[in-house]
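Spelled out from the first residue to the last, the chains are:
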Amino acid sequence: SVRIAVLASGRGSNLQAILDAIAHGQLQADVVGVFSDRVDAAALQRVPAPRRWAASPRDFADRVAFDTALGDALAACTPDWIICAGYMRILGAAFVARFEGRLVNIHPSLLPLYKGLNTHARALEAGDAEHGASVHFVVPELDAGTVLAQARVPILPGDSPESLAQRVLAVEHPLLLASLALLASGRITEQGGQVQLDGHPLFSPLAL
Ligand code: GAR
(Lines give C-alpha, C1' and ligand atoms only; values in the text may rest on other atoms or scores of the structure.)
Protein backbone atom coordinates (compact mmCIF):
# COMPACT_ATOMS: atom_id res chain seq x y z
CA SER A 1 0.00 0.00 0.00
CA VAL A 2 0.89 3.66 -0.23
CA ARG A 3 3.72 4.88 1.99
CA ILE A 4 3.01 8.18 3.74
CA ALA A 5 5.53 10.24 5.71
CA VAL A 6 4.19 13.08 7.87
CA LEU A 7 6.02 16.27 8.89
CA ALA A 8 4.58 17.86 12.03
CA SER A 9 5.74 20.44 14.57
CA GLY A 10 2.99 20.29 17.19
CA ARG A 11 -0.21 18.62 18.29
CA GLY A 12 -0.64 16.26 15.33
CA SER A 13 -4.43 16.04 15.12
CA ASN A 14 -4.20 15.81 11.33
CA LEU A 15 -1.68 12.97 11.70
CA GLN A 16 -4.08 11.26 14.12
CA ALA A 17 -6.91 11.55 11.59
CA ILE A 18 -4.69 9.72 9.07
CA LEU A 19 -3.75 7.03 11.60
CA ASP A 20 -7.42 6.54 12.58
CA ALA A 21 -8.55 6.25 8.95
CA ILE A 22 -5.89 3.60 8.31
CA ALA A 23 -6.84 1.71 11.50
CA HIS A 24 -10.51 1.72 10.45
CA GLY A 25 -9.77 0.51 6.93
CA GLN A 26 -10.86 3.81 5.37
CA LEU A 27 -7.45 4.55 3.86
CA GLN A 28 -5.13 1.89 2.39
CA ALA A 29 -1.80 3.34 3.45
CA ASP A 30 1.00 3.11 5.98
CA VAL A 31 2.47 5.99 7.97
CA VAL A 32 6.11 5.00 7.54
CA GLY A 33 7.52 7.87 9.58
CA VAL A 34 6.73 11.05 11.48
CA PHE A 35 9.34 13.81 11.23
CA SER A 36 9.60 16.90 13.37
CA ASP A 37 11.69 20.01 13.89
CA ARG A 38 10.56 19.95 17.55
CA VAL A 39 11.85 17.10 19.68
CA ASP A 40 8.95 17.71 22.11
CA ALA A 41 6.19 17.68 19.46
CA ALA A 42 3.11 15.82 20.72
CA ALA A 43 2.66 14.48 17.17
CA LEU A 44 5.70 12.21 17.64
CA GLN A 45 3.98 10.31 20.45
CA ARG A 46 1.24 9.18 18.06
CA VAL A 47 3.49 6.59 16.39
CA PRO A 48 5.86 3.99 17.88
CA ALA A 49 9.39 5.18 18.62
CA PRO A 50 11.03 3.41 15.64
CA ARG A 51 8.89 5.52 13.30
CA ARG A 52 9.85 8.86 14.88
CA TRP A 53 12.53 11.27 13.71
CA ALA A 54 13.09 14.63 15.35
CA ALA A 55 15.90 17.12 15.54
CA SER A 56 16.31 20.70 16.61
CA PRO A 57 17.40 23.12 13.85
CA ARG A 58 19.57 24.77 16.54
CA ASP A 59 21.88 21.76 16.40
CA PHE A 60 22.63 22.34 12.72
CA ALA A 61 24.89 24.92 11.06
CA ASP A 62 22.19 26.27 8.75
CA ARG A 63 18.90 25.52 6.98
CA VAL A 64 20.58 23.42 4.30
CA ALA A 65 22.26 21.21 6.91
CA PHE A 66 18.98 20.64 8.75
CA ASP A 67 17.02 20.03 5.55
CA THR A 68 19.66 17.56 4.37
CA ALA A 69 19.43 15.55 7.60
CA LEU A 70 15.63 15.62 7.44
CA GLY A 71 15.69 14.69 3.75
CA ASP A 72 18.09 11.79 4.28
CA ALA A 73 15.91 10.40 7.09
CA LEU A 74 12.82 10.82 4.91
CA ALA A 75 14.43 9.19 1.87
CA ALA A 76 15.46 6.22 4.04
CA CYS A 77 11.81 5.31 4.55
CA THR A 78 10.99 5.61 0.82
CA PRO A 79 7.70 7.51 1.07
CA ASP A 80 5.32 7.81 -1.88
CA TRP A 81 3.87 10.99 -0.35
CA ILE A 82 5.22 13.45 2.20
CA ILE A 83 2.49 15.33 4.03
CA CYS A 84 3.20 18.54 5.93
CA ALA A 85 0.50 18.59 8.61
CA GLY A 86 1.18 21.44 11.00
CA TYR A 87 4.86 21.58 10.03
CA MET A 88 5.79 25.14 10.97
CA ARG A 89 9.31 25.41 9.54
CA ILE A 90 10.07 26.72 6.05
CA LEU A 91 11.46 24.05 3.71
CA GLY A 92 14.42 25.22 1.65
CA ALA A 93 14.44 25.18 -2.14
CA ALA A 94 16.85 22.25 -2.37
CA PHE A 95 14.67 20.14 -0.08
CA VAL A 96 11.56 20.98 -2.09
CA ALA A 97 13.35 20.13 -5.34
CA ARG A 98 14.52 16.81 -3.87
CA PHE A 99 10.93 15.72 -3.17
CA GLU A 100 8.94 17.88 -5.61
CA GLY A 101 5.70 16.34 -6.82
CA ARG A 102 5.48 14.16 -3.70
CA LEU A 103 5.28 17.00 -1.16
CA VAL A 104 1.87 18.18 0.01
CA ASN A 105 0.85 20.69 2.70
CA ILE A 106 -2.40 21.44 4.50
CA HIS A 107 -2.80 25.15 5.18
CA PRO A 108 -5.53 26.78 7.29
CA SER A 109 -6.88 29.30 4.77
CA LEU A 110 -8.58 29.48 1.40
CA LEU A 111 -5.37 29.93 -0.60
CA PRO A 112 -4.25 32.15 -2.24
CA LEU A 113 -5.68 34.14 0.69
CA TYR A 114 -3.60 34.36 3.89
CA LYS A 115 -0.35 32.58 3.20
CA GLY A 116 1.90 32.24 6.23
CA LEU A 117 0.93 32.58 9.89
CA ASN A 118 -2.09 33.80 11.92
CA THR A 119 -4.54 32.99 9.14
CA HIS A 120 -7.62 32.89 11.39
CA ALA A 121 -7.00 36.32 12.95
CA ARG A 122 -6.33 37.80 9.51
CA ALA A 123 -9.57 36.38 8.02
CA LEU A 124 -11.50 37.84 11.00
CA GLU A 125 -9.82 41.24 10.72
CA ALA A 126 -10.63 41.38 7.02
CA GLY A 127 -14.31 40.86 7.79
CA ASP A 128 -14.52 37.80 5.54
CA ALA A 129 -17.78 35.84 5.45
CA GLU A 130 -16.00 32.53 5.03
CA HIS A 131 -12.69 30.86 5.67
CA GLY A 132 -11.33 27.34 5.33
CA ALA A 133 -8.40 25.10 4.55
CA SER A 134 -6.42 24.10 1.47
CA VAL A 135 -4.37 21.06 0.48
CA HIS A 136 -1.66 22.07 -1.97
CA PHE A 137 1.52 20.84 -3.58
CA VAL A 138 4.62 22.38 -2.03
CA VAL A 139 6.86 24.68 -4.10
CA PRO A 140 9.80 26.74 -2.82
CA GLU A 141 7.66 29.88 -2.48
CA LEU A 142 5.70 29.71 0.82
CA ASP A 143 2.13 28.34 0.48
CA ALA A 144 2.16 29.11 -3.25
CA GLY A 145 1.89 25.67 -4.90
CA THR A 146 -1.10 24.40 -6.87
CA VAL A 147 -4.15 23.80 -4.68
CA LEU A 148 -5.63 20.31 -5.02
CA ALA A 149 -8.65 20.68 -2.73
CA GLN A 150 -10.32 23.12 -0.33
CA ALA A 151 -12.96 23.01 2.37
CA ARG A 152 -14.96 26.09 3.47
CA VAL A 153 -16.55 27.13 6.74
CA PRO A 154 -18.62 30.20 7.61
CA ILE A 155 -17.26 32.95 9.83
CA LEU A 156 -19.90 33.55 12.51
CA PRO A 157 -20.69 36.62 14.60
CA GLY A 158 -18.66 36.58 17.80
CA ASP A 159 -15.94 34.33 16.40
CA SER A 160 -12.48 34.56 17.94
CA PRO A 161 -9.34 33.29 16.21
CA GLU A 162 -9.62 30.23 18.50
CA SER A 163 -13.28 29.42 17.73
CA LEU A 164 -12.61 29.89 14.03
CA ALA A 165 -9.49 27.71 14.18
CA GLN A 166 -11.56 24.95 15.79
CA ARG A 167 -14.22 25.14 13.05
CA VAL A 168 -11.54 25.02 10.36
CA LEU A 169 -9.69 22.12 12.02
CA ALA A 170 -12.90 20.07 12.01
CA VAL A 171 -13.00 20.28 8.20
CA GLU A 172 -9.23 19.88 7.79
CA HIS A 173 -9.33 16.25 8.87
CA PRO A 174 -11.87 15.05 6.25
CA LEU A 175 -10.27 17.36 3.66
CA LEU A 176 -6.86 15.80 4.24
CA LEU A 177 -8.23 12.24 4.20
CA ALA A 178 -10.14 12.79 0.96
CA SER A 179 -7.04 14.38 -0.60
CA LEU A 180 -4.85 11.47 0.50
CA ALA A 181 -7.32 8.94 -0.90
CA LEU A 182 -7.17 10.77 -4.24
CA LEU A 183 -3.38 10.95 -4.18
CA ALA A 184 -3.12 7.28 -3.23
CA SER A 185 -5.47 6.31 -6.08
CA GLY A 186 -2.87 7.42 -8.61
CA ARG A 187 -5.48 9.57 -10.40
CA ILE A 188 -3.68 12.81 -9.53
CA THR A 189 -0.47 13.92 -11.20
CA GLU A 190 1.42 17.17 -10.90
CA GLN A 191 3.98 18.53 -13.31
CA GLY A 192 5.37 22.03 -13.40
CA GLY A 193 2.54 23.45 -11.32
CA GLN A 194 -0.17 21.80 -13.41
CA VAL A 195 -2.37 19.32 -11.51
CA GLN A 196 -4.19 16.69 -13.55
CA LEU A 197 -7.07 14.42 -12.56
CA ASP A 198 -7.34 11.31 -14.74
CA GLY A 199 -5.04 13.06 -17.21
CA HIS A 200 -7.20 16.18 -17.51
CA PRO A 201 -5.98 19.55 -16.21
CA LEU A 202 -7.64 20.66 -12.99
CA PHE A 203 -8.52 24.33 -13.46
CA SER A 204 -9.75 24.98 -9.94
CA PRO A 205 -9.34 23.26 -6.57
CA LEU A 206 -11.69 20.38 -5.79
CA ALA A 207 -14.30 21.46 -3.26
CA LEU A 208 -14.59 19.02 -0.39
C1 GAR B 1 -3.52 22.90 11.35
O2 GAR B 1 -4.56 23.84 11.48
C3 GAR B 1 -2.76 23.14 10.07
O4 GAR B 1 -3.58 23.54 8.98
C5 GAR B 1 -1.86 24.26 10.48
O6 GAR B 1 -1.43 23.93 11.78
C7 GAR B 1 -2.44 23.16 12.41
C8 GAR B 1 -1.82 21.86 12.88
O9 GAR B 1 -2.73 21.12 13.67
N10 GAR B 1 -0.75 24.39 9.57
C11 GAR B 1 -0.13 25.53 9.34
O12 GAR B 1 -0.44 26.58 9.87
C13 GAR B 1 1.01 25.44 8.34
N14 GAR B 1 1.59 26.73 8.09
P15 GAR B 1 -2.38 19.62 14.08
O16 GAR B 1 -0.95 19.63 14.60
O17 GAR B 1 -3.37 19.29 15.16
O18 GAR B 1 -2.53 18.76 12.85
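Residues numbered from 1 in each chain as written. Predicted model: local features only at pLDDT ≥ 70, side-chain atom pairs only at ≥ 80, totals over all residues. Heavy atoms only, no water.

As recorded in an unreviewed UniProt entry, the protein goes by the name Phosphoribosylglycinamide formyltransferase, listed as coming from Stenotrophomonas tumulicola. According to the UniProt record, the Function (unreviewed entry) comment for the protein reads "Catalyzes the transfer of a formyl group from 10-formyltetrahydrofolate to 5-phospho-ribosyl-glycinamide (GAR), producing 5-phospho-ribosyl-N-formylglycinamide (FGAR) and tetrahydrofolate." Among the UniProt annotations of the protein, the heading Catalytic activity (unreviewed entry) holds the following wording: "N(1)-(5-phospho-beta-D-ribosyl)glycinamide + (6R)-10-formyltetrahydrofolate = N(2)-formyl-N(1)-(5-phospho-beta-D-ribosyl)glycinamide + (6S)-5,6,7,8-tetrahydrofolate + H(+)". (UniProt positions renumbered as here; feature names shortened; annotations may be inferred.)

What follows concerns the pairing of strand E7 (residues 147-154). Here E7 lies mainly inside the structure; 6 of its 8 residues are buried. Of the pairings in the sheet, the one linking E7 to strand E11 (residues 206-207) comprises 2 bridges and is parallel in character. By the bridge assignment, Ala-149 is partnered in E11 with Leu-206. (Buried < 20%, exposed > 50% of the residue type's maximum accessible area, 1.4 Å probe, protein only. Helix = DSSP H or I, 4+ residues; strand = E, 2+ residues; numbered from the N terminus. Pairing = 2+ DSSP bridges.)

Attention now moves to the nonpolar core. Grouped together as the largest cluster of nonpolar side chains are 41 residues, with contacts concentrated most on Ile-4, Val-6, Val-31, Ile-83, Leu-180 and Leu-183. If you list the elements that add at least two residues to this core, you get strand E1 (2-7), helix H1 (13-23), strand E2 (29-36), strand E4 (81-85), strand E5 (103-107), strand E6 (130-137), E7 and helix H5 (161-185). Beyond its immediate stretch of four places on either side in the chain, Leu-180 contacts Ile-4, Ile-18, Leu-27 and Ile-83. In this structure, Leu-7, Leu-70, Cys-77 and Cys-84 belong to the second largest nonpolar core, which totals 19 residues. (Core = buried A, V, L, I, M, F, W, Y, C linked by side-chain atoms within 4.5 Å. Contact = heavy atoms within 4.5 Å.)

What follows concerns the sheet that holds E5. Spatially, E3-E2-E1-E4-E5-E6-E7-E11 is the arrangement adopted by the 8 strands of the open sheet, whose pairing is mixed. A strand with exactly one partner marks an edge of an open sheet, and here the two such strands are strand E3 (52-54) and E11. Pairing analysis gives 4 bridges linking E5 to E6, with the strands arranged antiparallel. Considered in E6, the bridge of Ile-106 is made with Val-135. Across the sheet, H1 lies against E1, E2, E4 and E5, angled at about 160° from E2, the strand it touches most. Relative to the sheet, helix H2 (residues 63-76) contacts E1, E2, E3 and E4, its axis offset from that of E3 by approximately 170°. (Axes fitted to C-alpha atoms, helices over the stretch in contact; angles between N-to-C directions.)

With that settled, consider the UniProt feature "site: Raises pKa of active site His" (unreviewed entry) in the protein. The UniProt record annotates "site: Raises pKa of active site His" (unreviewed entry) at Asp-143. With respect to the helices, strands and loops of the structure, Asp-143 is situated in the loop between E6 and E7. Only 3.4 Å separates the side chain of Asp-143 from the side chain of His-107, close enough to count as a polar contact. (Polar contact = N/O pair within 3.5 Å; in protein donor to acceptor, adjacent residues only side chain to side chain.)

What follows covers the UniProt feature "binding site: (6R)-10-formyltetrahydrofolate" (unreviewed entry) in the protein. UniProt feature "binding site: (6R)-10-formyltetrahydrofolate" (unreviewed entry): in the numbering of this structure it lies at Arg-63, Met-88, Arg-89, Ile-90, Leu-91 and Asn-105. Setting aside residues up to four positions removed in sequence, Arg-89 forms contacts with Ser-9, Asp-37, Pro-57, Arg-63 and Phe-66. Along the chain, the position of Leu-91 falls in the loop between E4 and helix H3 (93-99). Discounting chain neighbours no more than four positions away, the residues touching Leu-91 are Leu-7, Asp-67, Leu-70, Cys-84, Val-96 and Leu-103.

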